[in-house]
Amino acid sequence: MSGEDKYLRSNRLPHILCPGCGHGIVMGAVVRAIEKAGLDQNKTVIVSGIGCSSRLPGYMDFDTLHTTHGRALAFATGIKFAKPELNVIVVTGDGDALAIGGNHFIHSCRRNIDITTIVLNNRIYGMTSGQFSPMTPQGHLATTAPFGNVDRDFDICELSKAAGATYVARSTAYHVAQLTDLVSKAIMNKGFSVVEAVSQCPTYYGRRNKMGSAVDMMNDQKASGVTAAAAAKLTPEQMVGKYVIGELHKAEAPEYTARYHSIVDSLKDKEMK
Amino acid sequence: MLLLQGNEACVEGALAAGLDFYAGYPITPSTEIAELLAAKLPRQGGSFIQMEDEISAMAAVIGASLTGAKTMTATSGPGFSLKQENLGYAMYTETPCVVVNVQRGGPSTGQPTMPSQGDVMQARWGTHGDHPVIALSPSSVEETFWLTIRAMNLSEKYRTPVILLMDEVVGHMRERIEIPQDIGEVINRKKPTGDPKDYLPFKPDADLVPPMASFGEGYRFHVTGLTHDESGFPSGSNKITGELIQRLHDKIDRNYADIVQVETEHMEDAEIAVVAYGSTARSASRAVKQAREQGIKAGLFRPITIWPFPAQELKSCLAGLKHVVVAEMNLGQLILEVERQVAGAVSVGGIMRADGELITPAQILAYLQEVK
């Protein structure tokens, strides 16, 4: 059985996502990455918050938890910390992870708890039909930014790195083979891992900003996602609107649950002496 | 024999009942609970985590509970406001957990070190939507120990969050307490027995409580805060929505007799009943005793279970009563429920204060002397 068949709840399909949405492609990459990483299906928990991306776990055949808006990482932390033998993967969106969930996001990075977080970045609140998110570029249109977005956007990967995540990568729905590879590497990292998956929302973001069809938006991902080597040859002006894809950061640091339990074990040893 | 604070007794009760996991965030006057568990819980093989806020602490507790852990969080005042979002999630997803609220003076940041009973209605209605609630209110250090165990047992038995509604006086005062070796029955949640493939995580048994699998056991089930059917997946059906919300209420209402506890003093021939709970019930008990010495036929009706409100017990005391007075450290919260329950049968008055001072026995006695 291939990854898609084994790891999807086919009786729950078709999914609720709009035609042309990139999230299904990302979900496919996540289940293939799980297969590639060789995770035990019965020992893997997928957690999400609220939004379009957060509906994905419902279609994935694992223990799955669809939580409250922005809180996926906090629920996931409870799961991982209570039962460290479980593999915990969080599927979240740009608004879920970085606006309402921003505080949980940076503190999860800081703890370096062994959770893999996939941020599906479509640069908009799709579920509520098109309000600007912390990832909507300045000047772009949204229902709540009718004259162009005043806010600046985050760089999710720089933020993750600065906050202490030990594996950070970025890819797109277009670069699905690379995305799959990066997610599986993120899963293998013993620590907090972030993979930003740039995804397209033709319905509520692309249409308003005249970005064309889903195919056009994926072609834009193809053109805008550049490797670090290619980026090094571009001037800052040439990099405007582009982003680096691939593995962006790897670091060694003690993992949270392992460190807690080693302290507890040493305590027991001391008390026995 | 030990000399303990209520907050310390809460910790001892939780550990005795088999607490596995605590997540919290520092806040006065509940912080001692977190401090003690940080030191004690890992020694018992459990896990303690200080989260980035009360929202995430409540979330972590629910996540841990879904792996099979017995969980608790503790907070006060503003922190209890922040718990409300995920308290509703725990109720709707039927995830057992205990939420301790050591009440302090509100509103807002209010009076962090002063006592209050201002969260009685928030405990009942704080999270949005129609929902049942179990909330228990201890009056002493020793009772805090036992009610923490009871809170954990009720939460496991009925798959629901249980609120332990303490107040700053009970949390911080020290009393002698004996902690027995045998604490009686410890209840663990009901587990499914059939083939994991056939598991319906929200299909209730006759007692209206669905058996609960843990994550990682091979059941591969889905949990959502959306309205869901027995399979756990979201449903847009009006019928399923209505039935789910009704069952969650029935689950608590039909087990009223098991959940509700009260204590009474001198109620047999009482003409005036003082309704009081938490630390205020201690002043009320004293005032009733003094009133009796002066020939005033007063009695004490003390809800130990605040929610569901002990309506049947109160109604069974009404014969012979001329007046009911509710004493509480707020400007009138539980009195609203008392008035609703005894409407037309007997007059109801209130002794209230929200200035951060205790209601004294003298204040209650003066009221009894006046209305006798």
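Residues numbered from 1 in each chain as written. Chains lettered and ligands numbered in written order. Predicted model: local features only at pLDDT ≥ 70, side-chain atom pairs only at ≥ 80, totals over all residues. Heavy atoms only, no water.

Residues and elements named next belong to chain A. Across the interface, helix α5 (residues 102-111) lies against helix α6 (residues 156-163) with an axial gap of 7 Å and an inter-helix angle of 45°. Put simply, α5 runs oblique to α6. Counted together, F105, I106, C109 and R110 of α5 and I156, L159, S160 and A163 of α6 form the full contact between these two elements. Of the residues assigned to the contact of α5 with α6, the class counts are 6 nonpolar, 1 polar and 1 charged. (Axes fitted to C-alpha atoms, helices over the stretch in contact; angles between N-to-C directions. Helix = DSSP H or I, 4+ residues; strand = E, 2+ residues; numbered from the N terminus. Parallel < 35°, antiparallel > 145°, perpendicular 65-115°, else oblique. Contact = heavy atoms within 4.5 Å. Nonpolar A, V, L, I, M, F, W, Y, C, P; charged D, E, K, R; others polar.)

Pairing is possible between side chains that carry opposite charge, provided their charged atoms lie close to one another. Using the criterion set out here, one finds 30 salt bridges over all chains in the structure. Taking the shortest distance from any N to any O, the salt bridge between D207(B) and K190(B) comes out at 3.0 Å. On the criterion of sequence distance, the pair formed by D207(B) in the loop between β9 (174-177) and β10 (222-224) and K190(B) in the loop between β9 and β10 is long-range, its members being 17 residues apart. Under the relative-accessibility criterion, D207(B) is labelled partly exposed at 36%. In this structure, the salt-bridge partner of E271(B) is K322(B), at a minimum N-O distance of 3.4 Å. On the criterion of sequence distance, the pair formed by E271(B) in the loop between β11 (262-265) and β12 (272-275) and K322(B) in the loop between α11 (311-316) and β15 (323-328) is long-range, its members being 51 residues apart. You can call K322(B) exposed: its relative accessible area is 58%. The network of salt bridges with shared partners includes R9(A), D61(A) and R220(B). (Salt bridge = Lys/Arg side-chain N within 4 Å of Asp/Glu carboxyl O. Buried < 20%, exposed > 50% of the residue type's maximum accessible area, 1.4 Å probe, protein only.)

At the interface, 39 residues of chain A touch 38 residues of chain B. The interface formed by chain A and chain B includes 3 salt bridges. E52(B) serves as the salt-bridge partner of R111(A), at 2.6 Å between the closest nitrogen and oxygen. Summed over the shared surface of chain A and chain B, the result is 21 residue pairs in polar contact (both at pLDDT 80 or more). Secondary-structure elements contributing two or more residues to the side of chain A that touches chain B are β2 (63-66), α3 (72-82), α5 and α12 (256-272) of chain A. Of the residues assigned to the side of chain A that touches chain B, the class counts are 14 nonpolar, 14 polar and 11 charged. (Polar contact = N/O pair within 3.5 Å; in protein donor to acceptor, adjacent residues only side chain to side chain.)

A word on the sheet that holds β11(B). All names here are of chain B. Pairing within the open sheet is mixed, and its 5 strands lie in the order β11-β13-β12-β15-β16. Looking at strand neighbours, the two that pair on one side only are β11 and β16 (347-352), the edges of this open sheet. Across the sheet, the mean angle separating the axes of adjacent strands is 20° when strand polarity is ignored. The pairing of β12 with strand β13 (residues 298-303) spans 4 bridges and is classified as parallel. (Pairing = 2+ DSSP bridges.)

A separate point is the pairing of strand β6 (residues 111-115) of chain B. All names here are of chain B. Judged from the 2 bridges that link them, strand β5 (residues 97-105) and β6 form a sheet pairing that is antiparallel. Residue pairing in the sheet places R104 in a bridge with P115 of β6. Remark: 5 residues form the turn of the hairpin made by β5 and β6, two consecutive strands paired antiparallel; S108 in that turn has positive phi of roughly 55°.

Across the sheet, which stays open at both edges, the 8 strands sit in the order β9(A)-β5(A)-β6(A)-β4(A)-β3(A)-β1(A)-β2(A)-β10(B) with mixed pairing between neighbours. The open sheet is flanked by β9 (246-250) of chain A together with β10 of chain B, the only strands paired with a single partner. If you compare each strand with its neighbour and ignore which way they point, the axes differ by 15° on average. With 6 bridges connecting them, strand β3 (residues 87-93) of chain A and strand β4 (residues 115-121) of chain A associate as parallel partners. Bridge pairing in β4(A) places G93(A) opposite L120(A). Running at roughly 170° to strand β5 (residues 167-172) of chain A, α6(A) makes contact with β4, β5, β6 (193-198) and β9 of chain A of the sheet.

This next bit is on the environment of F75(A). Along the chain, F75(A) falls in helix α3. Put simply, F75(A) and V47(A) are 28 residues apart on the chain and 7.7 Å apart in space, counted from C-alpha to C-alpha. Leave out the neighbours within four places in its chain, and F75(A) touches V47(A), L65(A), T67(A), T68(A), A59(B), A60(B), I62(B), G63(B), N86(B) and Y89(B).

To continue, consider empty space enclosed by the protein. Vacant regions in the atomic arrangement are exposed by a probe of water-molecule size rolled over the atoms. On inspection of all chains with the given rule, the structure shows 2 cavities of 30 Å³ or more. Estimated volume of the largest cavity: approximately 90 Å³. Considering the residues around the largest cavity, the lining is formed by 14 residues, among which L87(B), H131(B), P132(B), V133(B) and P161(B) are closest to the centre. With 4 residues, helix α4 (residues 77-92) of chain B is the largest single contributor of residues to the lining of the largest cavity. Along the lines of polarity and charge, the residues of the lining of the largest cavity split into 8 nonpolar, 6 polar and no charged. The calculated volume of the second largest cavity comes to roughly 50 Å³. Forming the boundary of the second largest cavity are G70(A), A72(A), L73(A), V90(A), T92(A), D96(A), A97(A), G101(A), H104(A) and F105(A). Mapped onto the lining of the second largest cavity, the elements with two or more residues apiece are α3, β3, α4 (94-100) and α5 of chain A. (1 Å grid on protein atoms, 1.4 Å probe; cavity = no way out; pocket = protein on both sides within 12 Å on 5 of 7 lines; lining within 4 Å. Points joined across faces, edges and corners; volume = space filled by probe spheres on them.)

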